[in-house]
Every structure is written in C-alpha cells, then in structure tokens.
Amino acid sequence: MKDGKKGSRSRRRSKKQATLIVDLTSCKYEVLRIVLKKNGWENRIDDEKNCHLIWTDLSVGPDRLMSLKQGQKINHMYGMLAICRKKSLFQSLSTMRKMFPTQYRYFPRAYILPNHLPNLLACFNSPKVKTFILKPNNGSQGRGVVLAQSVADVKRAIEGYPGSNLLAQKYLTKPMLIDGYKFDLRIYVLILSCDPLRLYLYREGITRFCTEKYQKPIHENLTTSCMHLTNYALNKYNSNFNFNTSAIETNKGHKWSLSSLFKALQDQGFDTTKLFDQISQIVVMTMISIVPLLTHNYRTYVNEDDQGRSCFELLGMDVLIDNKCIPWLLEVNHSPSFSIDTPLDLQIKESLLTDTLKLLHMDPFEISKIRMRVHK
C-alpha cells in the first residue's frame, strides 16, 4: 500500500510539474512570450517535434497539418483565407447572399477587379456622385488603398497597382462619429474547432480612430488617408495622433477599448446591447459561409480521432458602425496584430491571449499519454 501511495503521489507531481511547450519560431509578437511566461508555459524555437502548440504568424497549408503530431495544436486552419482575403471574403458572402438575401446584408456592395471593371465603371455614369474604396486583395495596414469617385480615379488606381488585383468596395459615407472623428472596431473571434463549429466572441476589443476630422468624400479630400482610413499603422504617424498612456483611462487618445466606446454610445442614447447582438450575428453568419470548406480540409488532412481540436484560429474582424448604429463588416484578418505599443494594447491583448490559451484546454500529461498509446 505504501508503494502504491508513493507511486500515486509521484504521478500527481509529474502531472503538476509537466510544462506546456510552445514553438514561437514564426511569431514576432512579444505579448505571446509575456503570456506564456506568466502562465508557466515554455517558449522554444525550432522545436516543432517536441512542442505541444505551434503559434505562427503565417498561414498554413496541407503539408503543415499532415505533419502535426498526436495531441499537437496549431493556431491556423487551412481554408481560412476564403474569408481573410478581400476578394474571397466578398465571393463567399455574395454566394450566401444569393441564397439568404435578408441575413447577408451586412457587407458593402463590391466589385472584383479586373473581372468586374466594366460594371464598376458603369456606376459612374449616374449624375449622383458615388464613392468606392479600392483595396489590394492581400494588402494590410492601409497600404495601397485609394478612394475613387470617377473613371479617371479608378484607372489611376489600376495603373498604380500592377495586375489590378483589387477589390472595389462601396464607401460608407455616413459613419458614426465620436467628436467628429471616424472610427472602426477590431473584434476578436476565437474559432476553437470547425468540426463541429465552436466559436467564441471576445467581449472586449479595440476602437481605432482616424486622426483628421471626418468630412464626406469630395475630390479635394480623397487622398487624405487619415480622414478616411482608420488603420493604426497609418494614423500613428500623423502629428495629431494621441497615444493612450493609461490602461485605466481607456477612452483617451486615438485608441479606445470597445467597452469605452459602447459607454460613449450609450450616453448618446444608442442601444449597445442590440449592437453587440448584431455584431455577434455577423460573426456567426460569416463563419457559416466557409464551414463546409474548413470541415472538408480538416477531415482530409488532420487525424480523425482528435475531436476537431488540432487547429484553431484567432481572427480579427474589422467592423464599421454607420450613423444609425448599424454594423458593417469590412475585413477579416487571420493574423491580427498583437503589437503592444500602448498600455491599452497590452491590457486587452494579454487578457485575450490568456483566455485563448485557457480555452484550448491543453494538458501536457494527457498529451504524453496519447503519444505513448500511438507509439505502442
């Protein structure tokens, strides 16, 4: 009996002392390392063979999934680019809109270039001024984005972007404003598995403000990027940019917390409970549009007995609110920025990543047992 108890205590100690190992070779964000250290996880470089979790800033393909060991996880799903590239997002949602026109009305009308160039140019035949925002298909951080109100504007944009691999999206000219400034929301969504679909919407997020007061687009201000584009990577270089210097005052500067924005909207009489429900609906409907693709890829390339949990994805969805407090989906990011330039960034992103790791329910002791059974 004594030997049995001693063995039992030894096994309990081994389980307690077991350390989760994470490979961050292809992850540049310091906040991941901070979170791992605080939670007692071990960070290793170039050790995919022995690690329990691979966290990478890069998308993954079939070969990467097929090389996963039993019990190992990776932070991307093959096929997620179907909503994380601008053209494919529009195609996926447009297909669903044809079948469910009422439910899929939350994204602006768009044209894929160069395929639909004649259709886009025809929009400018009307005497009413129309504004489109042209975005490189795989661009990020506002690079290469231009506004167009004429055929000449479109042609200049195409000439400046070889291959014309662009999406021309209707520009929402009546956004919600705070103190005269346009803003958008970075909404974080964790896809814990695709088969079955399990997703979590993080209740906190980041509000990103422009640094020039908003005016409706006219020919003279189309190139004023910091008036029309909310990208932090652009606006932080504007002399007007005010960095948030406090994790407590989350409604100061040109970055707010999502909860602080909702408080400001409540003070103006808007129903933020309804708004959050609408955003939740957008998240669910967007994911539903690619579940068949994700499921097919997963079943094809990943072990069948892992209960659908070898891959997960932490997405950043960009949402704009119009002047009637209606949310519109603009983009989906498969590797959202986890930079921590401000105390607000650190507070929100550290909490987000901590919650994400907890929801993975990774137990190194159980993973070891699984691997031992496989090798028998």
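- Under an unreviewed UniProt entry, the name given to the protein is Tubulin-tyrosine ligase, and the source organism is Sphagnum jensenii.

## Some details on the sheet that holds strand E7 (residues 146-148)
Here is step 1: Ordered in space as E5-E8-E6-E7, the four strands form an open sheet in which the pairing is antiparallel. Both edges of this open sheet fall to strand E5 (110-113) and E7, since each of them pairs with a single strand only. In this sheet, adjacent strand axes meet at a mean angle of 25 degrees when their direction is disregarded.
Here is step 2: With four bridges joining them, E5 and strand E8 (residues 166-170) adopt antiparallel strand pairing. Across the sheet, residue Tyr-111 finds its bridge partner in E8, namely Ala-168.
Here is step 3: Across the face of the sheet, helix H5 (residues 86-99) comes into contact with E5, strand E6 (132-136) and E8 while running at roughly 130 degrees to E5.
Here is step 4: Contacting E6, E7 and E8, helix H7 (residues 151-159) crosses the sheet at an angle of about 150 degrees to E7.

## Structural notes on the pairing of strand E12 (residues 206-209)
Here is step 1: Burial along E12 is two-sided: Ile-206 and Arg-208 and Thr-207 and Phe-209, pointing in opposite directions, are all buried.
Here is step 2: Relative to E12, strand E10 (residues 181-194) is paired through four bridges, and the arrangement is antiparallel. Bridge assignment links Asp-184 to a residue of E12, and that residue is Arg-208.
Here is step 3: Here E12 runs beside strand E13 (residues 255-257); their pairing, made up of three bridges, is antiparallel. Note that in E13 the partner of Ile-206 across the bridge is Ser-257.

## Considering empty space enclosed by the protein
Here is step 1: A full pass over the atoms with the stated rule returns three cavities of 30 Å³ or more.
Here is step 2: Approximately 80 Å³ is the volume found for the largest cavity.
Here is step 3: Lining the largest cavity we find Tyr-29, Trp-55, Thr-56, Asp-57, Asn-75, His-76, Glu-313, Leu-314, His-334, Ser-335, Pro-336 and Phe-338.
Here is step 4: Partitioning the lining of the largest cavity into residue classes produces five nonpolar, five polar and two charged.
Here is step 5: Within this model, the second largest cavity holds a volume of roughly 50 Å³.
Here is step 6: Lining the second largest cavity are Lys-86, Leu-89, Phe-90, Leu-93, Phe-107, Pro-108, Ala-110, Leu-167, Gln-169, Leu-329 and Leu-330.

## What about the layout of surface pockets?
Here is step 1: Of the pockets and cavities examined, the second largest pocket occupies roughly 660 Å³.
Here is step 2: Taken together, 21 residues form the lining of the second largest pocket, with Lys-170, Tyr-171, Leu-172, Thr-173 and Lys-174 sitting closest to its centre.
Here is step 3: Of the residues belonging to the lining of the second largest pocket, the class tally is eight nonpolar, four polar and nine charged.

## A look at the pattern of salt bridges
Here is step 1: For the structure on display, the rule yields twelve salt bridges.
Here is step 2: For Glu-331, the salt bridge identified is with Lys-135, shortest N-O distance 3.3 Å. Of this pair, Glu-331 sits in strand E15 (residues 327-333) while Lys-135 sits in strand E6, and the two are 196 residues apart along the sequence. Each member of the pair, Glu-331 together with Lys-135, is buried.
Here is step 3: Asp-153 is the salt-bridge partner of Arg-156, the closest N and O atoms lying 2.4 Å from each other. Of this pair, Arg-156 and Asp-153 both sit in helix H7, separated by three residues, roughly a single helical turn.
Here is step 4: It is possible to trace a salt-bridge network through shared partners that takes in Asp-184, Arg-186, Arg-208 and Asp-318.

## What to know about helix H11 (residues 272-288)
Here is step 1: With 17 residues, H11 extends 24 Å between its outermost C-alpha atoms, agreeing within 8% with the 24 Å of an ideal straight helix rising 1.5 Å per residue.
Here is step 2: Considered for burial, the residues of H11 that qualify are Thr-272, Leu-275, Phe-276, Ile-279, Ile-282, Val-283, Met-285, Thr-286 and Met-287.
Here is step 3: Put simply, Asp-271 is the residue that caps the front of H11, since its side-chain oxygen is 3.2 Å from the backbone nitrogen of Thr-273.

## Overview of the packing of aromatic side chains
Here is step 1: What the rule picks out here adds up to 13 aromatic pairs.
Here is step 2: Judged by centre distance (6.2 Å) and plane angle (75 degrees), the rings of Phe-90 and Phe-107 are edge-to-face. With Phe-90 in helix H5 and Phe-107 in the loop between H5 and E5, this pair connects stretches of sequence that are 17 residues apart.
Here is step 3: Taking relative accessible area as the criterion, Phe-107 reaches 5% and is therefore assigned buried.
Here is step 4: For the ring pair Tyr-104 and Tyr-106, a centre distance of 5.8 Å and an interplane angle of 35 degrees mean the geometry is tilted. Just as Tyr-104 is buried, Tyr-106 falls in that class too.
Here is step 5: What links up through ring pairs into an aromatic cluster is the set Phe-90, Tyr-104, Tyr-106 and Phe-107.
Here is step 6: For the cation-ring pair, Arg-97 lies above Phe-107, with the distance from its terminal atom to the ring centre recorded as 4.0 Å.

The rules we used
Residues numbered from 1 in each chain as written. Predicted model: local features only at pLDDT ≥ 70, side-chain atom pairs only at ≥ 80, totals over all residues. Heavy atoms only, no water. Pairing = 2+ DSSP bridges. Helix = DSSP H or I, 4+ residues; strand = E, 2+ residues; numbered from the N terminus. Axes fitted to C-alpha atoms, helices over the stretch in contact; angles between N-to-C directions. Contact = heavy atoms within 4.5 Å. Buried < 20%, exposed > 50% of the residue type's maximum accessible area, 1.4 Å probe, protein only. 1 Å grid on protein atoms, 1.4 Å probe; cavity = no way out; pocket = protein on both sides within 12 Å on 5 of 7 lines; lining within 4 Å. Points joined across faces, edges and corners; volume = space filled by probe spheres on them. Nonpolar A, V, L, I, M, F, W, Y, C, P; charged D, E, K, R; others polar. Salt bridge = Lys/Arg side-chain N within 4 Å of Asp/Glu carboxyl O. Expected span 1.5 Å × (residues − 1). Polar contact = N/O pair within 3.5 Å; in protein donor to acceptor, adjacent residues only side chain to side chain. Phe/Tyr/Trp six-rings, centres within 6.5 Å; stacked < 30°, edge-to-face > 60°. Lys NZ or Arg CZ within 6 Å of the ring centre and 35° of its normal.

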